Amino acid sequence: MNQFSKLLPLAGDTPAYLGLAHGIRVMVMDGRLATGSRLPSERMLAEILGLSRTTITRAFGELVDSGWAVARHGSGTTVRLPVTDCTPTHSLVPTPRHDTIDLSSAAGPAPEGTADLVRRALDWLPTTLAGAGYEPYGALHLREQIAARYTARGVPTDADQIVVTAGAVLAISVALHALARPGDRVVVDSPTYPGALSAIATVRARAVPVALDTSWDVSAWADAIRRSRPRAAYLISDFHNPTGLLMPTEQRAQLAKLLADAGVTPIVDETVAELDFSEADPALPFAAVSDDVVCIGSMSKTLWGGFRVGWLRCPPRLVDAIRRQSEALSLGPSALDQLVATTYLESPATIHAAVIQRLLVGRSTWTSALAERLPDWQVPTPPGGLSLWITLPARLATELALAARAYGLTMAPGPRFSPDRTHTNRIRLPLTLPPDVIDEATVRLAAAWSSAREGSSASMQLDALAL
Ligand SMILES: Cc1ncc(COP(=O)(O)O)c(C=O)c1O
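These remarks concern the structure in this document. (Residues numbered from 1 in each chain as written. Predicted model: local features only at pLDDT ≥ 70, side-chain atom pairs only at ≥ 80, totals over all residues. Heavy atoms only, no water.)

**Some points on the packing of aromatic side chains**
Thinking step 1. Using the criterion set out here, one finds three aromatic pairs in the structure.
Thinking step 2. Between tryptophan 377 and tryptophan 449 the ring centres are 5.6 Å apart and the planes differ by 90°, which places this aromatic pair in the edge-to-face class. Residue tryptophan 377 is found in the loop between α13 (349-373) and β11 (387-391), and its partner tryptophan 449 is found in helix α15 (residues 435-466); the two are separated by 72 residues along the sequence. In this pair, the class of tryptophan 377 matches that of tryptophan 449, namely buried.
Thinking step 3. Ring geometry for tryptophan 389 and phenylalanine 417: centres 5.4 Å apart, planes at 75°, overall edge-to-face. Highlighted residues: tryptophan 389 in strand β11 and phenylalanine 417 in the loop between β13 (412-413) and β14 (426-430), separated in sequence by 28 residues.
Thinking step 4. Tryptophan 389 sits in the buried class, given a relative accessible area of 5%.
Thinking step 5. Over the aromatic face of tyrosine 17 sits the side chain of arginine 58, whose NZ or CZ is 4.0 Å from the ring centroid.
Thinking step 6. Of note, arginine 313 hangs over the ring of tyrosine 150, and the distance from its end group to the ring centre comes to 5.6 Å. (Phe/Tyr/Trp six-rings, centres within 6.5 Å; stacked < 30°, edge-to-face > 60°. Helix = DSSP H or I, 4+ residues; strand = E, 2+ residues; numbered from the N terminus. Buried < 20%, exposed > 50% of the residue type's maximum accessible area, 1.4 Å probe, protein only. Lys NZ or Arg CZ within 6 Å of the ring centre and 35° of its normal.)

**Some points on the packing of helix α9 (residues 218-228) against helix α10 (residues 249-261)**
Thinking step 1. Between α9 and α10, whose axes approach to 10 Å, the crossing angle comes to 15°. One way to sum up the angle between α9 and α10 is to call them roughly parallel. Crossing angle aside, the handedness with which α9 passes α10 is right-handed. Of the residues in α10, those in contact with Val218, Trp221, Ala222 and Ile225 of α9 are Gln251, Gln254, Leu255, Leu258 and Leu259.
Thinking step 2. Residues of the contact of α9 with α10, tallied by class, amount to seven nonpolar, two polar and no charged. (Axes fitted to C-alpha atoms, helices over the stretch in contact; angles between N-to-C directions. Parallel < 35°, antiparallel > 145°, perpendicular 65-115°, else oblique. Left-handed = near helix turned anticlockwise from the far one by under 90°. Contact = heavy atoms within 4.5 Å. Nonpolar A, V, L, I, M, F, W, Y, C, P; charged D, E, K, R; others polar.)

Next comes the structure, spelled out in structure tokens:
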């Protein structure tokens, strides 16, 4: 609840109740307060902020009148967005230029050494070609290697608990098909990985957002679970996409208990868990604190996204259901891609070190280029992961993304990472690009940012004239 103390000081010259209503709206738009969250009671908020009950009552009234909250007798005041989601699902702008830099995806080229790996993998080809090639749950040798890696991290795992899929997104979908029915709720962080939001939409479940700012808020999770009675939860506890945050071990244990007590199955996506460039001791894997978790893994970020190999580690009670869904959705992953994955897992160290080095270079290049050209952007230093979750000094992320197209940039504005289209002051930048491309992208971003700002002040002037 103490996030509400940050509402002070209230904005400018307006009466206090308007300043407070404005502050709450900003929290929603920044994604610090998820839509659907309940505001503290009037009495409690008055105490937290040292304001009168009348001011709080009038501020809540203002939020309700302007469509930013609903008040229900007996269940308090809940925040929401005043309009339905109008975000276009198709591009509004012409086809990008031929020299477009793609900032929207955090995927890079295959690391050095990949071609050798593929050549070594082909040694297995004669044996593979002698079989029918279908392995609905994945080749046994690969499943054994994946299971052994979990066991080595302190989570004893049998190869039968592993189901290999054509990538992690399919693995998330398989898990959701096994766990959720249309209309069920799935609690997610806001922001979160957009591919998971699409997978949730595909099973016609509803994503319930819990705001994630600088750390996980266990009490907000408890509130969302009480409110929405979800079937499952989707989490990225290690080097979260897009923020790069790492969930501390105590919070994993608290969340695991909360979910277990409520009968909610966590789907924990560890696709980026090995992209660790912190010097800190690794946190305990989520499966070490939860018996009933579905873990998702992938080769896409430690090796290359072009090899479509991901997997699920299932709790024993779900193995059959997950196998059935996986077989129904695809007859299993590519035999050749699995050969490459198996060969990689035999000795991943050199390629892994090269991938980490590339991300570190990406992080420092972005940091210095942005400090020089866009010094009022807040740039974090994440301990791992694929991206920088940037805070802009104005809520113009979508305007920036639109302006950027004219400068040959495609990019991922904050609202794309949240089911309620908030985070309008955020963008995600990928660490996976080479330094010269990052430098050029920053020059274009600075130009696009000026256009977005000019466009927004022009439209504000028009609004003022219209009034
Ligand atoms: C958290 C997370 N999960 C899954 C994926 C997609 O993985 P795959 O290419 O294996 O489908 C990504 C890609 O960026 C990701 O960041």
